[in-house]
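Listed below, chain by chain, are the residues.
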Amino acid sequence: MESSEKPPFNLPQPRSEVEEMKPYKAPLEGRRNHLRLDFNENTIGPSPLVLEALKNIDSNEISIYPEYNGLQNAVKNNLNNTGIKHPLNPDQIGIFNGVDAAINAIFHAYAQRDDQLLTTTPTFGYYTPCAQMQGMRIVALPYEGKNFQFPLNKIREALKMGKPKLLLLCNPNNPTGSVISADVILKLSEDNPNTLVVVDELYESFDGDSVLPKINFNSTPNLVILRSLSKTAGLAGLRIGFTIGNSRVIDYIKRVTGPYDINSFAVKAAFAALKDQAYIDDYKAEVLRARDWIKDELISNRVEHHIAGGNYFLIWPKRESDEIEACLKNDGILVRNMRGKPLIEKSLRVSIGTQTQMQQFWDSYMKHECK
Ligand SMILES: Cc1ncc(COP(=O)(O)O)c(C=O)c1O
């Protein structure tokens, strides 16, 4: 039924914010048999330890509700091993059904009608519907210049003038790769203690600048970091993500979720993935090598592009982007069309996988672009 149609009988109405919001839609279907350079996922799959753990799952794990304390500890140990200045406690870590669920929970816990969300544009698409479902006002400041610089002065000004409830920073930013220095984010948070600063660090492994090594969540309680096992560890299909922050803030965010929202398979897989950090590190290193390789090709062939932080880049084909997207798809390669995204309307976003995968993309791209 079209939403404009009148219901045939008196259906209960959803909240007006829900009726008015634009749902987030992603082209998820029919991707299995392609080279998937469209969602910035890990392109080679998880560590063999993950598959082994899932294959050996005990039937108890299926019939009993999951438990989470062990995983909270494992995440804490994993992060504390990265040489951070202020070691974390388990209660500073929240476990969610993917970072998307964490984002949704943050908005539910903190935002109400007419509160302001301050963010940037273009950025990750799920922040907007989460703000809309709470009836928030959205102020999205554009990245600046040819290199899509973070609009720092305007953000400072907007923080001062608008007193936003939430500041959402994607660092590196999806899709522009723009990186904000960790010191800048810390200072913004310290200067604006009444704003909850959410730093989406999904892509920090790929030449980002994480705030985690420096932050003390006791003295800067208004900053929350988001991390996921989707993009590096290859667990996108299992849905597992984390919030890291002040224990009180993490507790508030967790209150708005169900008690067993993350299933036992995801928990098992996360344990195994965290045990094999070497696998994750090798994958990151391979992506960075592949990024250097494709960057050289783009530059030497004078292809219009933008490549910065993150495991993705933007490319502006000479032919219509829709046409090139369709040609690549015919060759079994998926990329993401940036149609409708401000500033990058005619570009394609291409995820970076292994060097062999980038070669496959490049051969197909050049064949169609130079036709
Ligand atoms: C910036 C950003 N944040 C969050 C997500 C969602 O991550 P997850 O798979 O953990 O829900 C994505 C996925 O594309 C993303 O690009």
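Remember, predicted model here, so these are calculated numbers, not experimental data. (Residues numbered from 1 in each chain as written. Predicted model: local features only at pLDDT ≥ 70, side-chain atom pairs only at ≥ 80, totals over all residues.)

K.L.:
What is the right way to look at the sheet that holds strand S3 (residues 116–121) in this model?
P.N.:
Within a sheet, adjacent strands bond to each other through the backbone by hydrogen bonds, running parallel or antiparallel. On the basis of which strands lie adjacent, the open sheet formed by seven strands has the order S2-S8-S7-S6-S5-S3-S4 and mixed pairing. Strands with a single pairing partner mark the edges of an open sheet, and in this sheet they are strand S2 (93–96) and strand S4 (137–142). Averaged over all pairs of adjacent strands, the angle between strand axes in this sheet comes to 20°, irrespective of strand direction. In this structure, strand S6 (residues 196–200) lies alongside strand S7 (residues 223–228), joined through four bridges in parallel fashion. Along S7, the bridge assignment pairs Asp200 with Leu226. (Pairing = 2+ DSSP bridges. Helix = DSSP H or I, 4+ residues; strand = E, 2+ residues; numbered from the N terminus. Axes fitted to C-alpha atoms, helices over the stretch in contact; angles between N-to-C directions.)

K.L.:
Can you help me understand the domain arrangement of the protein chain in this one?
P.N.:
Bring the parts together and some accessible area is lost; that lost area is often taken as the interface size. Taken domain by domain, the protein chain comprises domain 1 (31–45 + 278–369) and domain 2 (50–275). A C-alpha centroid distance of 25 Å is found between domain 1 and domain 2. Every contact between the two is made by 25 residues of domain 1 and, on the other side, 23 residues of domain 2. At five residues, helix H11 (residues 277–300) tops the list of elements feeding residues into the side of domain 1 that touches domain 2. (Domains from an automatic or database assignment. Contact = placed C-beta atoms within 7 Å.)

K.L.:
Hey, could you run me through the environment of Ile215 in this one?
P.N.:
When you line up the elements, Ile215 lands in the loop between S6 and S7. On a C-alpha basis, the gap between Ile215 and His306 in space is 30 Å, while along the polypeptide they are 91 residues apart. Setting aside residues up to four positions removed in sequence, Ile215 forms contacts with His86, Leu186, Thr220 and Leu223.

K.L.:
Looking at this structure, I do not really get the sheet that holds strand S11 (residues 333–337). What am I missing?
P.N.:
What the five strands build is an open sheet, ordered S1-S11-S12-S10-S9; its pairing is mixed. Only two strands of the sheet have a single neighbouring strand rather than two, namely strand S1 (35–37) and strand S9 (305–306). One ladder, built from four bridges, connects strand S10 (residues 312–315) with strand S12 (residues 348–351); its direction is antiparallel. What sits directly across from Tyr312, in S12, is Ser351.

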